[in-house]
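Per-entry structural report
The chain contents come next:
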Amino acid sequence: KLLLKLVEPDIKVWNEDEKVSFLKYVRDRDPFVYEVTHLVLGTGLRRGEVQALKREHLDFEEWTIVVKESFCSCSRKFKTTKSNKIRRIPMNTEIFKLLSRYKTWPSYRRLYEGFNVGAFSKKLYIHCDAAGVRRIGIHGLRHTFGTSLARAGVDPRRIQQLMGHSDISTTL
């Protein structure tokens, strides 16, 4: 059986109390930051995958998000995912409800058109300070997703699949 080492100290992750406190604080104060934060905490999407997310990637019948492309901030272009593989991430009830407002959108439409990671991160830090939780970036939210799964005893190979890691050593 594979054993996961929990995230190293230099990589910031939130514990369950911090996740709950932050989401409760930001929910009505900044709906956009709430939605993106909740989405990444519940799915582990990379920032480029959030930027590339289209309505057609949301499968409401199967309760999954089909991750097939990503936005590259260097080239400013949409491309295949980091591992060049399509993956399906299950939606829990909260994520399903969160994304349900997009059900009637045209399939080609991006959910977060014009999403600026820098502006989002600044707002995220401001809200972290105000909510009394440790500052964390969008990549830290992704690490929090993976770490939460590990703490819950999820098999490392399943975490690897959900995170889109091509090598298990990245997950471990």
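It should be noted that the structure appears before, not after, this text.
A brief look at the structure comes next. (Residues numbered from 1 in each chain as written. Predicted model: local features only at pLDDT ≥ 70, side-chain atom pairs only at ≥ 80, totals over all residues. Heavy atoms only, no water.)

Regarding empty space enclosed by the protein
For the structure shown, the criterion picks out one cavity of 30 Å³ or more. Roughly 30 Å³ of internal volume is contained in the largest cavity. L45, E49, L53, H57, V66, V67, K68 and E69 are the residues that line the largest cavity. Among the residues making up the lining of the largest cavity, the classes are represented as four nonpolar, one polar and three charged. (1 Å grid on protein atoms, 1.4 Å probe; cavity = no way out; pocket = protein on both sides within 12 Å on 5 of 7 lines; lining within 4 Å. Points joined across faces, edges and corners; volume = space filled by probe spheres on them. Nonpolar A, V, L, I, M, F, W, Y, C, P; charged D, E, K, R; others polar.)

Examining the environment of L99
When you line up the elements, L99 lands in helix α4 (residues 93–99). Classification of L99 as buried rests on a relative accessible area of 0%. In the structure, L99 is positioned 30 residues away from E69 in sequence and 18 Å away in space, judged by C-alpha atoms. In this structure L99 touches L39, L58, F60, I65, M91, L111 and Y112, once residues within four positions along its chain are discounted. (Helix = DSSP H or I, 4+ residues; strand = E, 2+ residues; numbered from the N terminus. Buried < 20%, exposed > 50% of the residue type's maximum accessible area, 1.4 Å probe, protein only. Contact = heavy atoms within 4.5 Å.)

Here's the deal with unusual backbone geometry
Look at W63: it is not a glycine, yet its phi comes out positive at around 55°. One can find W63 in the loop between β1 (58–59) and β2 (64–67). Residue W63 is classed as partly exposed on the basis of its relative accessible area of 33%. Positive phi values are uncommon outside glycine, yet R76 reaches one of about 60°. Structurally, R76 is set in the loop between β3 (70–72) and β4 (77–79). We classify R76 as exposed; its relative accessible area is 59%.

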